[in-house]
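# Reading the structure
So you can see what is in the structure, the chains are spelled out below.
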Amino acid sequence: MEKIKELDLPSDHISEFGDLVKQMHDVDVNMCYQCRKCTSGCPVAEYMDYSPTQIIHAVRLGLKDMVLSSNTYWLCLACGTCTTRCPQETGLLEVMDALATIAESKGIRSNAPEIAKFYETGLSNMRFFGKLYDLGIAGMYKLKTGKLTQDMGMGIKMMRKGKLELLPTFQNQGEMRRIFKKVQEVEKKARGATDK
Amino acid sequence: MKYAYYNSCSLRSTGREYDKSLRAIFKKLDIELVEPKNWICCGSTLAHNVSRLLSLVLPLQNLAEIQKEGLDAVVVPCTACYSRFKTAQYEIAENPEMAAQVEEVIESRFEKKVKVIHPLEVLSSEPVISRLPELVEKDLSGLKVVSYYGCLLLRPPKIMEFDICEYPQTMDKILSAVGIPTLDWSHKTECCGGSLSITRPEIVRKLSRDLLEDAKAVGAEAISVPCTFCHLNLDVRQEEIEREHNVSYRLPILYFTELMALAMGVSEKDLLLKMHFVDTDSVLQKVVAR
Ligand code: SF4
Ligand code: SF4
């Protein structure tokens, strides 16, 4: 029988990619022993290109392109089932966050461009208004993705029922913009410190 | 009793019913809720995907404001916000480096931890829970309800520290304290599809349908929820799910606060039941004088 690749790795092996994920979110993918409990409980595993179990292993092996081009971390609902049940406390929730953050910063859209678009639209809306203006997010998102008719009926009914603010209101938006800017500065400084 | 009240984005738009009913029952309990003036969005289900620091700063900035206003505990009804607040507190306690970065951005320090509480915790703790039976004015014992908890409130348990995460009872206890019996079912803590509602509605319809099926199978006549995402997926999308699968559920989805308000004699006029997509008349018919 052919040897499984992971058996060739020393127990403390961690790829550069795995190391990056660890640095970003304090999670050690090396702890995973592939029991698949995470995938068994994941509500969206069937829609993912690779299961959570496969993704964490691929991160460990440093298969960066394979991981980042998958839809797995975009589809993750952050429901926390994997992290709750993992006997090794690997913290898949944080792995997924780290992957989305890396992809966002590199402009990687892979197999779920609509979800990336949604995050971007939502965040710029949040930055602008200081709070979420649902109708604005939905409208911009539909415009950007060309999915204008999807959910149109539902949207109109929601408006009629008073579930959506028709006109946006601002909430402490000056402070919000200051925070967005300052976060970028502090992040840049921190990156500079670790690069050295 | 007096708490800060984080009346977040969703409670001002899609979840106004939640805010309205919550205020009504807290008033009956003489619990004062104070909205922090300078609140901002907590980052919701968005920020953590793009920046860890941003996802920590946004909730903690709000806690810093609350601290400045002299309050030491905040009630957070939206489960997404509640989860972001608790995660942020947990992470800075575990990681001093992140804590320093956060403090640099928000330009203030945390001397004392502001306690983050979900309304379910306020209502299930003493002395509040013992007072609930005496405040009941209407009999709802004929209504069969399942309580649904979802994900964000419970997981991961080492951060959330809310009840027993695989089999919570908090909402069931509160509802039975106001005379509403709850049924046991297997989907209490399953995910409804939450944040994929707009981007991948087909996935949400599949997950939410499983929930509705199970609720119906055990004979529920309504589902009680603590979360604006769950409410949106189960209530607003229910008709679509029915059409897609050629079934009929007609299951009213009520916030636990709405059910409690009805039992505590809050008049229908003072709630926003008309905002629901699934008609709530079948529930109202079960509200009878005692
Ligand atoms: S549950 Fe934990 S140890 Fe098991 S496969 Fe998943 S991440 Fe690895
Ligand atoms: S947090 Fe993400 S990966 Fe983990 S079980 Fe939930 S959807 Fe799946």
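Below is a short write-up of the structure. For clarity, every value in this text was computed on a predicted model and none was experimentally measured.

## Some details on the overall build of chain A
A count of helices and strands for chain A gives 11 helices and zero strands. Per-residue burial over chain A gives 46% buried out of 196 residues. When contacts within chain A are restricted to residue pairs at least 6 apart in sequence, those whose partners lie at least 24 apart make up 65%. As displayed, chain A offers around 10,000 Å² of accessible surface, 54% of which is attributable to carbon and sulfur atoms.

## Points about the site of ligand 2
Residues and elements named next belong to chain A. Lining the immediate environment of ligand 2, one finds 13 residues, of which Cys-42, Cys-76, Cys-79, Gly-80 and Cys-82 sit closest. For the shell around ligand 2, the secondary structure elements donating two or more residues are helix H6 (81–85) and helix H7 (92–106). Residue composition of the shell around ligand 2, grouped by class: 11 nonpolar, two polar and no charged.

## A closer look at the interface of chain B and chain A
Contact residues are listed per partner, giving 63 residues for chain B and 60 residues for chain A. Where chain B touches chain A, the interface holds six salt bridges. Close ionic contact of A:Lys189 with B:Glu104 constitutes a salt bridge, the shortest N to O distance being 2.7 Å. Only helix H2 (16–28), helix H3 (52–68), helix H5 (96–106), helix H8 (157–160), helix H10 (201–217), helix H11 (228–236) and helix H12 (238–245) of chain B provide two or more residues apiece to the side of chain B that touches chain A. Among the elements that take part in the side of chain B that touches chain A, H3(B) stands out by supplying six residues, more than any other. A per-class count over the side of chain B that touches chain A returns 28 nonpolar, 19 polar and 16 charged.

## Considerations on the packing of aromatic side chains
Considering all chains together, one arrives at eight aromatic pairs over all chains under this definition. Measuring from centroid to centroid gives 6.0 Å for B:Tyr6 and B:Trp39, while their planes differ by 90°, and the two rings are edge-to-face. Taken together, the residues B:Tyr6 in the loop between strand E1 (2–5) and helix H1 (9–12) and B:Trp39 in the loop between strand E2 (32–34) and H3 connect sequence positions 33 residues apart. Ring plane angle 75° and centroid distance 4.9 Å describe the contact between B:Tyr6 and B:Phe85, whose orientation is recorded as edge-to-face. Placement of B:Tyr6 in the loop between E1 and H1 and of B:Phe85 in helix H4 (residues 79–94) is noted, with a sequence separation of 79 residues between them. With relative accessibility at 0%, the residue B:Tyr6 sits in the buried group. Here the aromatic cluster, defined as three or more aromatic residues joined through ring pairs, consists of A:Tyr73, A:Trp74 and A:Tyr119. Here the basic side chain of B:Lys188 rests over the ring of B:Tyr167, its NZ or CZ set 4.4 Å away from the ring centre.

## Quick look at the sheet that holds strand E3 (residues 73–75) of chain B
Residue and element names in this part refer to chain B. The sheet built from four strands is open, its strands ordered E2-E1-E3-E4 with parallel pairing. Where the open sheet ends on each side, the last strands, each with one partner, are E2 and strand E4 (115–117). Shown here is a sheet whose adjacent strand axes are inclined to one another by a mean of 40°, direction ignored.

## A few points about the sheet that holds strand E7 (residues 182–183) of chain B
Residue and element names in this part refer to chain B. With parallel pairing, four strands are arranged side by side in an open sheet as E7-E6-E8-E9. With partners counted over all chains shown, the strands left at the sheet margins are E7 and strand E9 (253–255), one partner each. Note that strand E6 (residues 145–147) and strand E8 (residues 222–225) share three bridges and pair parallel. Following the sheet pairing, Ser-147 is matched in E8 by Ser-224.

About the cut-offs
Once a new chain begins, its residue numbering starts again from 1 and follows that chain's sequence as written. As they are written, the chains are lettered A onward and the ligands numbered 1 onward, keeping that order. In keeping with the predicted nature of the model, local features appear solely for residues at pLDDT of at least 70, side-chain atom pairs appear and are counted solely at 80 or more, and the whole-chain, interface and lining totals rest on all residues. The side-chain quantities take in all heavy atoms of the structure and omit both hydrogens and water. Strands are runs of DSSP state E lasting at least 2 residues, helices are runs of H or I lasting at least 4, and numbering of each runs from the N terminus. Summary of the burial criterion: residues with accessible area below 20% of their type's maximum are buried, those above 50% are exposed, and those between are partly exposed, where the area comes from a 1.4 Å probe applied to protein chains only. Working rule for contacts: check all heavy atoms of both residues, and any pair within 4.5 Å makes them a contact. Each accessible area is a Shrake-Rupley result for a 1.4 Å probe, and residues are judged covered by the shown protein chains and nothing else. One heavy atom suffices: a residue is near a molecule or strand as soon as one of its heavy atoms comes within 4 Å of it. Under the scheme applied, nonpolar residues are Ala, Val, Leu, Ile, Met, Phe, Trp, Tyr, Cys and Pro; charged residues are Asp, Glu, Lys and Arg; polar residues are all the others, including Gly. When a carboxyl oxygen of Asp or Glu lies within 4 Å of a side-chain nitrogen of Lys or Arg, that pair is called a salt bridge. Two aromatic rings from Phe, Tyr or Trp, using only the six-membered ring of Trp, form a pair when their centres are within 6.5 Å; if the ring planes differ by under 30 degrees the pair is stacked, by over 60 it is edge-to-face, and anything between is tilted. The rule for a charge over a ring is simple: NZ of Lys or CZ of Arg within 6 Å of the ring centre, and within 35 degrees of the ring normal. Following DSSP output, two strands are said to pair if at least two bridges run between them. A fitted line through C-alpha atoms represents every axis, and for helices the fit uses only the stretch in contact; the resulting angles, taken between N-to-C directions, go from 0 to 180 degrees.

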